[in-house]
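Working through the structure, step by step
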Amino acid sequence: MLIRILLLVTLLAAPSLRPAFSHEGHAHGDEPAPPAAAAPRAEAHSDLFEIVAVLGPDRRLWLYLDRHATSQPIDGATVQVTLDGQDIGTATRASEAIYVLANPALERPGPRNLVFTITAGEEMDLLPAALEIPATAAAGTAAPASSALMLTALREPYVWAAGVFLLLVGVAIGRAAAPRPLPPLVVVESPATGTRPHALPSGAPIPERVAAAPAMLALATILLLPVMAWAQPLDAPRRQPDGSIFVPKPSQRLLGLRTGPAELGEASVTIHLTGQVVADPNASGRVQASEAGRIEPPEGGFPALGQRVARGEVLGYVVPIMAAQDRVGVRASIAELDALIVIGEARVRRLTALTGTVAAREISDARADLEGLRQRRAANLPAVTGREPIVAPSAGLISVVRVAAGQVIQAQEPLFDIVDPARLWVEAIAFDTSAVAEVSGASAVTAGGQALRLGFVGRGMTLRQQGLPLHFRIEGGAPGLAVGQPVTVLVQTPRRTTGIVLPADAVVRNPEGGQVVYEMPSAERFLPRPVRVQPLDGQRVLVTAGLDRGARVVTRGAGLIAQVR
């Protein structure tokens, strides 16, 4: 019974401890108001700062301070607050770039005028705002906070002390309720038949379901500890009926959103080409067999994929193979040469012994004939007993291995490919030859989004697949690339065009498949703007239509905003 009472108390207490997520937003003029469940809030901005003030149910004022242009949080600033002309104090730092202020004047309901005096380093500004304080806190609203507040609460010693105490209480209750023998004829609920009572024999343990209750209580205590420590919950972003997206400041901090102004600029006209990574012909090599034969490994074995080799290093051997009839003919020639060599050696010894009697010219001719026989034998001997070394034509990494010990190969069969990863090229095919008549710069983007800086090498004079091949050198290195990897090449021409230059991450796809950017008209409201863009260099795009000059655009985190439902 005690266990059930404790569980009932825990369940009744859980609703009061549930996290209620807070949010911010403030309507200016004709802008839609924040969601109906939003806590009372106000926002203001200048060219330097942007501040959002949210009144929590405890009547404390939570302040979020950012740079207006970039939405970069400002930490370590001084925020002095004036309410209806009365100075109500300086906000204290609650966590990174979050400030809180408590004053009895915030408990009086009605429309109130706020003035924030912000000092951040050498910068100072005054921001006025209007706040409507309700008579009572709306049900379900709570003071906003970021994840940093939760971490701050968890660092408090009393929170951990309370958690350890509750854990020990749960363990003690579990010990007290450990399975133990029962007296005979004790009536309990049967786990097999529901509520039908039955008698247990003497010495029977408590049923498993009843004995597990203390463990469940201890587990519930542990799970409730972070909830109790999280005194300041967080509100969730949501889409508004008008299509805009409400993202409270704490959520913006978690998502790492950043913004930037939309300014007109000029950029080169860019042409998209399909290309692939190729090896630099001056820093790569292909090893082929010069004749048919059988492959033998060198000392230490064949090189493995990715192994670095030096120029001239032996990669293997080729033992020539020939037909049986040809082999017999070679061996016969070698045997005949061996006999002639024996005769020649004897002749040279005999003439040498007669030096002074025999002309010196006759002795030198005999020696020359003997050397010729030996050279003929050496030339025929490898055909039956010799092997030809396979050497690396260049230094680099082994990228392809097509050999195995004992493999029989044909002449000109490729065996190894060697590539220097520090010297790679990109080959693209241009089907509009006039568009690439002049190339002022180029870049490339892989399928994974890796940007490559390219240097133009040259263009071919012969069409390939009805297109003109272009070669570019990858500059600055690009680890992780592979020969044959497809890339998108962006060729810049001397022609110029006007538009708004934005980071490529600022443009995302909407559910209909169109391209949009997110404008930030107020501190916590985002509007999707369909745009027409033109890629520039893989990291930037040029917006040519759909966006007004001066708009504040999300430059980082736009993809996360697009996922808000």
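As for the overall build of the protein
Secondary structure assignment for the protein yields ten helices and 34 strands. Pairs at least 24 residues apart make up 68% of the contacts formed inside the protein by residues separated by at least 6 positions.

Topic: the environment of Leu560
Here Leu560 shows up in helix 10 (residues 558-562). Put simply, Leu560 and Val508 are 52 residues apart on the chain and 9.7 Å apart in space, counted from C-alpha to C-alpha.

Remarks on the pairing of strand 16 (residues 284-288)
The side chains of a regular strand alternate, first on one face of the sheet and then on the other. Of the two faces of strand 16, only one is covered, namely that formed by Gly285 and Val287; the face formed by Ser284, Arg286 and Gln288 stays uncovered. Note: strand 16 against strand 23 (residues 414-419), five bridges, orientation antiparallel. Bridge pairing links Gly285 to Ile418 in strand 23.

Considering the sheet that holds strand 21 (residues 396-401)
The four strands lie next to each other as 16-23-21-18, forming an open sheet whose pairing is antiparallel. In this open sheet, the two strands that pair with only one neighbour each are strand 16 and strand 18 (308-309).

Quick notes on the nonpolar core
General note: in soluble globular proteins, nonpolar side chains tend to be found buried as a group. Core analysis: the biggest nonpolar cluster contains 28 residues, and Ile51, Leu61, Leu63, Leu65, Val79, Val81 and Phe116 have the highest contact counts within it. At the level of secondary structure, the elements contributing two or more residues to this core comprise strand 1 (41-45), strand 2 (49-55), strand 3 (60-67), strand 4 (78-83), strand 7 (98-102), strand 8 (110-120) and strand 9 (123-133). Each residue touching Phe116, except ones within four places of it in the same chain, is listed here: Ile51, Ala53, Leu61, Leu63, Val79, Gln80, Val81, Asp125, Leu126, Leu127 and Ala129. Judged by nonpolar contacts, the second largest core, of 22 residues, contains Val436, Ala442, Ile474 and Val489.

Examining the pattern of salt bridges
Applying the stated criterion to the full structure yields 23 salt bridges. Put simply, Glu519 and Arg529 hold a salt bridge, and the shortest N to O gap is 2.7 Å. Of this pair, Glu519 sits in strand 30 (residues 515-522) while Arg529 sits in strand 31 (residues 525-530), placing them ten residues apart in sequence. Residue class for Arg529 comes out partly exposed when judged on its relative accessible area of 30%. Within this structure, Glu50, Asp66, Lys249, Arg253 and Arg552 form a network of salt bridges that share partners.

Considering the packing of aromatic side chains
According to the stated counting rule, one finds one aromatic pair in the structure shown. Taking 5.5 Å as the distance between ring centres and 55° as the angle between the ring planes, the aromatic pair formed by Phe456 and Phe472 counts as tilted. Of the two residues, Phe456 sits in strand 26 (residues 451-459) while Phe472 sits in strand 27 (residues 468-475), which places them 16 residues apart along the sequence. Judged by its relative accessible area of 32%, Phe456 falls in the partly exposed class. According to the relative accessible area criterion, Phe472 is buried, its value standing at 0%.

Examining the sheet that holds strand 5 (residues 86-90)
The strand order across the open sheet formed by four strands is 5-4-8-9, and the pairing between neighbours is antiparallel. The open sheet is flanked by strand 5 and strand 9, the only strands paired with a single partner. The mean inter-strand angle of the sheet, taken between neighbouring strand axes irrespective of direction, is 25°. As paired elements, strand 4 and strand 8 share six bridges and run antiparallel to each other. Note on strand 8: the bridge partner recorded for Gln80 is Thr117.

Rules and cut-offs
Residues numbered from 1 in each chain as written. Predicted model: local features only at pLDDT ≥ 70, side-chain atom pairs only at ≥ 80, totals over all residues. Heavy atoms only, no water. Helix = DSSP H or I, 4+ residues; strand = E, 2+ residues; numbered from the N terminus. Contact = heavy atoms within 4.5 Å. Buried < 20%, exposed > 50% of the residue type's maximum accessible area, 1.4 Å probe, protein only. Pairing = 2+ DSSP bridges. Core = buried A, V, L, I, M, F, W, Y, C linked by side-chain atoms within 4.5 Å. Salt bridge = Lys/Arg side-chain N within 4 Å of Asp/Glu carboxyl O. Phe/Tyr/Trp six-rings, centres within 6.5 Å; stacked < 30°, edge-to-face > 60°. Axes fitted to C-alpha atoms, helices over the stretch in contact; angles between N-to-C directions.

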